[in-house]
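Geometric and topological summary
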Amino acid sequence: MFTRKKWLSAALLVLVLVGAGLAWWNLSPVQTDYITVQKGDAVETLLAAGKVVGESTIPLSFSQAGTVAEVLAQEGTFVEKGQLLLSLENSRVLNLIRQRENALARGQVSLERLQTEEIVRAEETVNQAELQHLYAEELYQRNNELYREGVISTAELEQTEQSLEQALSNLALARIT
């Protein structure tokens, strides 16, 4: 007689065989025939179910994300390289451009104001250096006269000459900058 163990083994063997049969049935390749569709006159009528796929498909990619504003080419139409297929909403980009243009204009105004202030400061520096040079020249001429009359010493005249040379150097430097 069959024992319980033998019955279980037999049932398991049947289950394995049924599972293998189902797997073979589902995994076996389906016989399909392929034909190339060519443009021409219909010679015979063919009724078939399937999907027509283009000779080549190219996935689309975009340089920036956005919302589609207008579709310019419909599915199934022929397109050429470089042809515009759709346009994106550009209000955000235009707004950003306006903001950048406004920032540029503010920067240019600030630059002009700073340049004007710098020019005014430079002119004031040159004017002050010219006044110091004129004063140093007058002082030198007066002290030179006093030296010839014997009123001041050689050291005092040399100090006046150094002050004149310093004022001339300061003037040249102010004119350069």
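Residues numbered from 1 in each chain as written. Predicted model: local features only at pLDDT ≥ 70, side-chain atom pairs only at ≥ 80, totals over all residues. Heavy atoms only, no water.

Examining helix α2 (residues 91–148)
Filter applied, for reference: Secondary structure is summarised from DSSP: a helix means a run of H or I of at least four residues, a strand means a run of E of at least two, and numbering begins at the N terminus for each. The span one expects for a helix is its residue count, reduced by one, times 1.5 Å. A 1.4 Å probe rolled over the protein chains alone gives each residue an accessible area, and that area as a share of the maximum for its type sets the label: buried under 20%, exposed over 50%, partly exposed in between. Should any heavy atoms of two residues lie within 4.5 Å, those residues are counted as being in contact.
With 58 residues, α2 extends 85 Å between its outermost C-alpha atoms, agreeing within 8% with the 86 Å of an ideal straight helix rising 1.5 Å per residue. The set of residues buried in α2 consists of V126, A129, H133, A136, N143 and N144. Looking at the packing, one finds that the buried side of α2 touches α3 (154–176). Positioned one or two residues after α2, G150 has a phi angle of 85 degrees, which is positive.

Quick word on a nonpolar patch on the surface
Note the following rule: In this scheme, patches are assembled from residues that exceed 30% relative accessible area and form no salt bridge. Like charges are connected within 9 Å, while nonpolar side chains (Val, Leu, Ile, Met, Phe, Trp, Tyr) are connected within 5 Å. To be clear on the numbers: accessible area is Shrake-Rupley with a 1.4 Å probe, and residue cover counts the displayed protein chains and nothing else. Should a side-chain nitrogen of Lys or Arg be within 4 Å of a carboxyl oxygen of Asp or Glu, the pair is scored as a salt bridge.
Taken together, V14, V18 and L22 make up a surface patch of nonpolar side chains, about 270 Å² in accessible area. Structurally, L22 is set in helix α1 (residues 4–27).

Observations concerning the confidence of the model for the protein
Close inspection of predicted coordinates is inappropriate in any region flagged by low pLDDT. Which entries qualify depends on this criterion: As a per-residue quantity, pLDDT reports the predictor's confidence and falls between 0 and 100.
Per-residue confidence for the protein averages 83 on the pLDDT scale, and 88% of its residues sit at or above 70. The least confident element of the protein is α1, whose mean pLDDT is 78; the most confident is α3, at 93.

Observations concerning the environment of A172
Assignment of secondary structure puts A172 in helix α3. Between the C-alpha atom of A172 and that of A129, which follows or precedes it by 43 residues, the distance is 8.6 Å.

A short note on the packing of α2 against α3
The line we're drawing: Every axis in this analysis is a line fitted to C-alpha atoms, fitted for helices over the stretch in contact. Angles between the N-to-C directions lie between 0 and 180 degrees. When describing relative orientation, an angle under 35 degrees is termed roughly parallel and one over 145 degrees roughly antiparallel, while 65 to 115 degrees is termed roughly perpendicular and anything else oblique. The handedness criterion is simple: a crossing whose near helix is rotated anticlockwise from the far helix by less than a right angle is left-handed, and one whose near helix is rotated clockwise is right-handed.
α3 packs onto α2 with a crossing angle of 160 degrees between their chain directions and a minimal axis gap of 8 Å. As the angle between them shows, α2 and α3 are arranged roughly antiparallel. You can see that α2 and α3 cross each other, and the crossing is left-handed.

Structural notes on the side chain of N143
Put simply, the rule reads: In protein, a polar contact requires one atom able to donate a hydrogen and another able to accept it; more generally it is a pair of N or O atoms within 3.5 Å, and residues adjacent in sequence count only if both atoms are side-chain atoms.
Secondary-structure assignment places N143 in helix α2. Within polar-contact distance, the side chain of N143 engages the side chain of T160 at 2.6 Å.

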